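Structure at a glance
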Amino acid sequence: MKLTKYLNSVLLILVVMATLSCSSEQDEMDHVDSLINQMTLDEKIGQMNQLMNFVDSLPIDPYFYNLIKEGQVGSVLNAFSPEMIHEMQRIAVQESRLGIPLLIGRDIIHGYRTIFPVNIGLAATFNPQLVKECAEIAAMEARSEGVNWTFAPMMDISRDPRWGRMVESCGEDPYLAEQMAVASIKGFQGDDLSNKNSIAATAKHYVGYGAAIGGRDYNTTLIPEAELRNVYLRPFKAAVQADVASVMSGFNELNGVPTSGNVYTIRNILKNEWGFKGFVVSDWASVKNLQVHGFAKDSMDATEKAFIAGVDMDMCSSYFIDNLKSLVENGIVKEELIDNAVRRILKVKFDLDLFDKPYATEGNKLLTEQALDLAKKTVIQSAVLLQNKNNVLPLSKNIKKVAVIGPLADAPHEQMGTWVFDGKEENSITPLKAIIDFLGEERVIYSPGLETSRTIDKKGLNDAIKTAQNADVVLLFMGDESILTGEAHCRAELTLPGCQNELIHEISKLGKPTVLVMMTGVILMVEPILGKVDALLYGWHPGTMGGPGYVDLLFGIESPSGKLPMTFPRTEGQIPVYYNHNNTGHPPSDESWIRMYDIPVKAWQTSLGNTSHYLDYGFEPLFEFGFGLSYTEFQYSDIKLSKKVISKNDTLVVAAKIKNIGGVKADDVAQLYVRDLVGSIVRPVKELKGFKRIRLNPGEEKIVEFMLSSEDLTFHDGEKWHVEPGEFHVWIGNSSKASLMTKFELK
Ligand code: BGC
């Protein structure tokens, strides 16, 4: 009886809460609509215009001033300082007729002032909670300077390390990308956009941008429907379900239609099929680019195509304010459709509570102790240990002399990585500084060897070699300057630039224990280097707290636990190589691999037993997706299923035992993979379906459990979604090469 009463009151509270939230949503929409009713057509179109600010100090350029005052600007991109932001917002709120506040957009990609590791490094943490916390910090810092909208998270799937923007992505896996994207949206937007520390997020770049042919930025993308649905659209759908405020349409042409003029992907899928309630912003001048693509004949045509496709806000090309009015007046575009776009934009402004709180939050929220601790923790969890011969790592804290060498050892700007507008190099703690702080000046000797990562002048090499000669251990900090990664910074050859290879080679001749920390945003072809160093720690561009994070790892205060979010090829010629590929009819094996130099001269031509491999490089990548070493070892055993046969409505529990069988307390990332053995279209050889970060003391063991429902087994065949009966294999382990496997059947 008591329980029934209790349940009834809980039910009542839930109904009241739901009614309240509906009515507050209704109130908000009433406000939006009453505002729209007061707006002229020009003012409406003004809301759909995002203006790029070029002037970096006050006063505001008179042209911009007037546009804002006339209600011709809905959002500003790149206002350079809190003072400028405040002034622009003031003009909009106080001097424009309707006082509509501006959305202040900014690329806050991996931190605002506190810079976290680049996004591919954040993905390597396999820790969505941490990613959420980083976004929370970034949002708090940004809002404290008046920024209320970020163009993040980027959720493009990237299977090609030549693509410079892979650094901004979560790598090759749609499940990982989806988990990380949702985590960062939740971090940026909080539980409620109106919270004083929340900012609006953007899911970008919609869609398929990462599939640029040849890994060359902005290039054509060709993605069959099934792959589009199963791989590229997945994180976006999850972002919409997580209530992302905006979506950015891309630069790429997808199967012949540019994504910023694509009715099918924006209007049909995003808005109609998924019911996206936020607004779509174009990428930088991608409306204008419709002409360059050869998809629109002039600016009027480009405007019409982008708008009809579903773009609500034009970033930087001014095509909407130049052309939309005549398109309405000529009856080509209906004003209701304009109202719909404006409604979406105003709703986000109301959600952010900008009408009441247009300006920066009060108090200095930058670089707090909490932010810096989090940044360090993220560096620790993002670095991936790829090699550790003779357990050279961790280093003893009693080591007598350490040589710190390399152009990235003391490069505070470079370690921040790409897409940093608000981070300041004076806040970066470099590896050199952190190692000196840890060991004391007398035990550290330093020589950069090369001035920058691209230096080809060898004059510094001798000094570096001499320095190394005088040390017990050599720590090399090599990689890329931040500008060698990112948008439009793609590379056909993914080797260390400058004469860094030569420096490594010379150092290796000394026979000293040598550790290489690779600081970059991309995946470099490290196979030739592996024989020349004892340990390789892939440290990415680590951001503000790179130095202290690395010190904890190098000296064993923490064990590395990052895992690769992208496959490491052995050579560029293997690209694209990714773990979740389909099987061929001729799958390769070690036995079937025909090695180039084993083929007899004038050997008989035969196709018998031939398999899918390269004569020179075989078929395996260098390091697989999900891989990463630790200072301890984890053993996976006893994989168990709650049932061997499930029906479509069942949830399956997959469990395994994980034991720390080494001598060090550490985290591992347990990963769940599934293979659908037979499908109406060919299914990938393995697909990640879950992961969990687990901390274990030496000797400790835990049971790790994952839930699998038929929803997790669905796939699109190009026409519709399916979940097909049949046999499935399931693995638990700590990389995509996991071998602990069992089977179940879906009836
Ligand atoms: C990029 C976007 C970015 C925008 C604004 C474009 O070049 O593709 O990712 O958000 O610029 O800076």
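Above this text is the structure in question.
A brief structural summary. Given the structure is predicted, the values throughout are model-derived calculations rather than measurements.

**Notes on the nonpolar core**
Counting 129 residues, the largest nonpolar core has Met48, Leu103, Tyr206, Leu270, Ile338 and Leu688 as the members making the most contacts within it. Residues lining this core come from more than one domain, with at least three contributed by each of domain 1 (106–347) and domain 3 (634–746).

**A short note on the site of the ligand**
Residues in close proximity to the ligand include Asp107, Phe151, Arg165, Lys204, His205, Met248, Phe251, Asp283, Trp284, Met315, Trp419 and Glu487, which together make up its full environment. Between the ligand and His205 there is a distance of 2.7 Å, counted from an oxygen atom to a side-chain nitrogen or oxygen. One nitrogen or oxygen atom from the side chain of Asp283 is found 2.6 Å from an oxygen atom belonging to the ligand. Notes on the ligand: free accessible area 310 Å², of which the protein chains cover 95%.

**Digging into empty space enclosed by the protein**
This structure, assessed with the given rule, holds 6 cavities of 30 Å³ or more. Computed from the structure, the largest cavity encloses a volume of approximately 180 Å³. As for the largest cavity, its lining consists of 20 residues, and the residues nearest its centre are Ile109, Asn119, Leu122, Val131 and Ser184. Residue composition of the lining of the largest cavity, grouped by class: 15 nonpolar, 4 polar and 1 charged. Around the second largest cavity, the lining comprises 13 residues; the ones closest to its centre are Gln47, Gly71, Ser96, Leu98 and Ile100. Listed by contribution, the elements that provide at least two residues to the lining of the second largest cavity are helix H2 (41–47) and helix H3 (62–69). Broken down by class, the residue content of the lining of the second largest cavity amounts to 5 nonpolar, 4 polar and 4 charged.

**With respect to the packing of helix H15 (residues 369–382) against helix H20 (residues 546–554)**
Interhelical geometry of H15 versus H20 gives an angle of 50° and a closest axis separation of 8 Å. Viewed along their axes, H15 and H20 adopt a mutual orientation that is oblique. Crossing handedness for the pair H15 and H20: right-handed. Every residue of H20 that contacts H15 at Lys376, Val379 and Ile380 is listed here: Gly546, Pro548, Gly549, Tyr550, Asp552 and Leu553. For the contact of H15 with H20, the per-class residue count stands at 5 nonpolar, 2 polar and 2 charged.

**Quick notes on the pattern of salt bridges**
Per the counting criterion, the structure on display carries 42 salt bridges. Across the pair Arg343 and Asp33 runs a salt bridge, and its minimum N-O distance is 2.7 Å. Residue Arg343 is found in helix H14 (residues 335–351), and its partner Asp33 is found in helix H1 (residues 2–38); the two are separated by 310 residues along the sequence. Exposure remark for Arg343: the relative accessible area of 27% places this residue in the partly exposed category. With a shortest N-O distance of 3.8 Å, Glu701 and Lys657 are connected by a salt bridge.

**Description of the pairing of strand S13 (residues 444–447)**
Sheet analysis places strand S12 (residues 402–405) next to S13, joined by 4 bridges and oriented parallel. Residue Ile405 lies in a different strand from S13, and its bridge partner there is Ser447.

**What about the sheet that holds strand S6 (residues 246–249)?**
Read across the sheet, 3 strands follow the order S5-S6-S9 without closing on themselves; strand pairing throughout is parallel. Each of the sheet's edge strands pairs with one partner strand only, and the pair in question is strand S5 (202–206) and strand S9 (279–282). For this sheet, the mean inter-axis angle between neighbouring strands, taken without regard to orientation, is 25°. The pairing of S5 with S6 spans 3 bridges and is classified as parallel. Residue pairing across strands places Ala203 opposite Val247, the latter belonging to S6. Helix-sheet contacts for helix H10 (residues 263–273) involve S5, S6 and S9, and the interaxial angle to S5 is about 145°.

**Concerning the sheet that holds strand S1 (residues 49–52)**
With parallel pairing, 5 strands are arranged side by side in an open sheet as S4-S3-S2-S1-S10. Of all the strands in the sheet, the pair left with one neighbour each is strand S4 (149–150) and strand S10 (314–315). Pairing analysis gives 2 bridges linking S1 to S10, with the strands arranged parallel. Note that in S10 the partner of Asn49 across the bridge is Asp314.

About the criteria used
- Residues numbered from 1 in each chain as written.
- Predicted model: local features only at pLDDT ≥ 70, side-chain atom pairs only at ≥ 80, totals over all residues.
- Heavy atoms only, no water.
- Core = buried A, V, L, I, M, F, W, Y, C linked by side-chain atoms within 4.5 Å.
- Buried < 20%, exposed > 50% of the residue type's maximum accessible area, 1.4 Å probe, protein only.
- Domains from an automatic or database assignment.
- Near = heavy atom within 4 Å.
- Polar contact = N/O pair within 3.5 Å; in protein donor to acceptor, adjacent residues only side chain to side chain.
- Areas by Shrake-Rupley, 256 points an atom, 1.4 Å probe, with all protein chains shown as cover.
- 1 Å grid on protein atoms, 1.4 Å probe; cavity = no way out; pocket = protein on both sides within 12 Å on 5 of 7 lines; lining within 4 Å.
- Points joined across faces, edges and corners; volume = space filled by probe spheres on them.
- Nonpolar A, V, L, I, M, F, W, Y, C, P; charged D, E, K, R; others polar.
- Helix = DSSP H or I, 4+ residues; strand = E, 2+ residues; numbered from the N terminus.
- Axes fitted to C-alpha atoms, helices over the stretch in contact; angles between N-to-C directions.
- Parallel < 35°, antiparallel > 145°, perpendicular 65-115°, else oblique.
- Left-handed = near helix turned anticlockwise from the far one by under 90°.
- Contact = heavy atoms within 4.5 Å.
- Salt bridge = Lys/Arg side-chain N within 4 Å of Asp/Glu carboxyl O.
- Pairing = 2+ DSSP bridges.

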